[in-house]
Amino acid sequence: GQQVMQIPQYQHVQEGEDFTTYCNSSTTLSNIQWYKQRPGGHPVFLIQLVKSGEVKKQKRLTFQFGEAKKNSSLHITATQTTDVGTYFCADGTSYGKLTFGQGTILTVHP
Amino acid sequence: KAGVTQTPRYLIKTRGQQVTLSCSPISGHRSVSWYQQTPGQGLQFLFEYFSETQRNKGNFPGRFSGRQFSNSRSEMNVSTLELGDSALYLCASSLTGPRDGYTFGSGTRLTVV
């Protein structure tokens, strides 16, 4: 079935460093969503991208959707300890469901 | 407004038993989806309901079933529990479907012993 591959699986950074996670698909995606799950918590919706080449920003977070709509990225500038958690991309192409990537676990060392 | 409410928060069941989990979506949300989350498999889609109709189903055995009521509340049932069913079960609601973006509940942590 359709899968979205997310890399890296883990990322350890020092506070203040930048962080990027990537989501790749072998097929064209109609839309992609990003979620954050804090340790012990539940996924929280961050953003949805639908247009080819779309770039959206939320404070220190920058989300991009590739020109071919087969990949997406989430970039965090100057990480803070509050950024700790697992970041998931989710493919919304299939009717009635989201298919989640495996997630990137971000650890921020103070 | 109130978020997505899942009950119970924790459950311990014995292998072979059955279990029912409940989810109350955000008021006005008509789509409810269920996911199983485990460390090894990540977030796996179980099923999605809209206006009491199942619109999509994931690749889980028939032991996993669900339903949605006219007030959009949803339940999922797992019969003949196996040790491998131990997981966090997450319910998510949205206005009309996943493309609106999900709001997740806090989940039900099921442990099968």
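Up top you'll find the structure we're talking about.
Here the structure is a predicted model, which is why all the values come from computation and not from measurement. (Residues numbered from 1 in each chain as written. Chains lettered and ligands numbered in written order. Predicted model: local features only at pLDDT ≥ 70, side-chain atom pairs only at ≥ 80, totals over all residues. Heavy atoms only, no water.)

Undergrad: Sorry if this is basic, but what is going on with the pairing of strand β5 (residues 43–49) of chain A here?
TA: Looking down a regular strand, the side chains alternate between one sheet face and the other. All names here are of chain A. For β5, a buried count of 5 out of 7 residues is recorded, marking the element as mostly surrounded by other parts of the structure. Where strand β4 (residues 32–37) meets β5, 6 bridges bridge the pair, whose relative direction is antiparallel. What sits directly across from W34, in β5, is I47. What sits between β4 and β5 in their antiparallel hairpin is a turn of 5 residues, with G40 showing a positive phi close to 80°. (Buried < 20%, exposed > 50% of the residue type's maximum accessible area, 1.4 Å probe, protein only. Helix = DSSP H or I, 4+ residues; strand = E, 2+ residues; numbered from the N terminus. Pairing = 2+ DSSP bridges.)

Undergrad: Looking at this structure, how should I read the interface of chain B and chain A?
TA: Where interface size is quoted, it is often the accessible area lost as the parts come together. Taken together, the contact between chain B and chain A spans 18 residues of the former and 18 residues of the latter. Among the residues of chain B in contact with chain A, L43, R99 and F104 of chain B are the three that bury the most area, contributing 36% of the side total. Summed over the shared surface of chain B and chain A, the result is 0 salt bridges. Counting the contacts that link chain B with chain A gives 9 residue pairs in polar contact (both at pLDDT 80 or more). It is strand β5 (residues 42–50) of chain B that contributes the most residues to the side of chain B that touches chain A, 4 residues altogether. The class makeup of the residues in the side of chain B that touches chain A is 7 nonpolar, 8 polar and 3 charged. (Contact = heavy atoms within 4.5 Å. Buried area = accessible area lost by both parts, 1.4 Å probe. Salt bridge = Lys/Arg side-chain N within 4 Å of Asp/Glu carboxyl O. Polar contact = N/O pair within 3.5 Å; in protein donor to acceptor, adjacent residues only side chain to side chain. Nonpolar A, V, L, I, M, F, W, Y, C, P; charged D, E, K, R; others polar.)

Geometry only, nothing functional implied.
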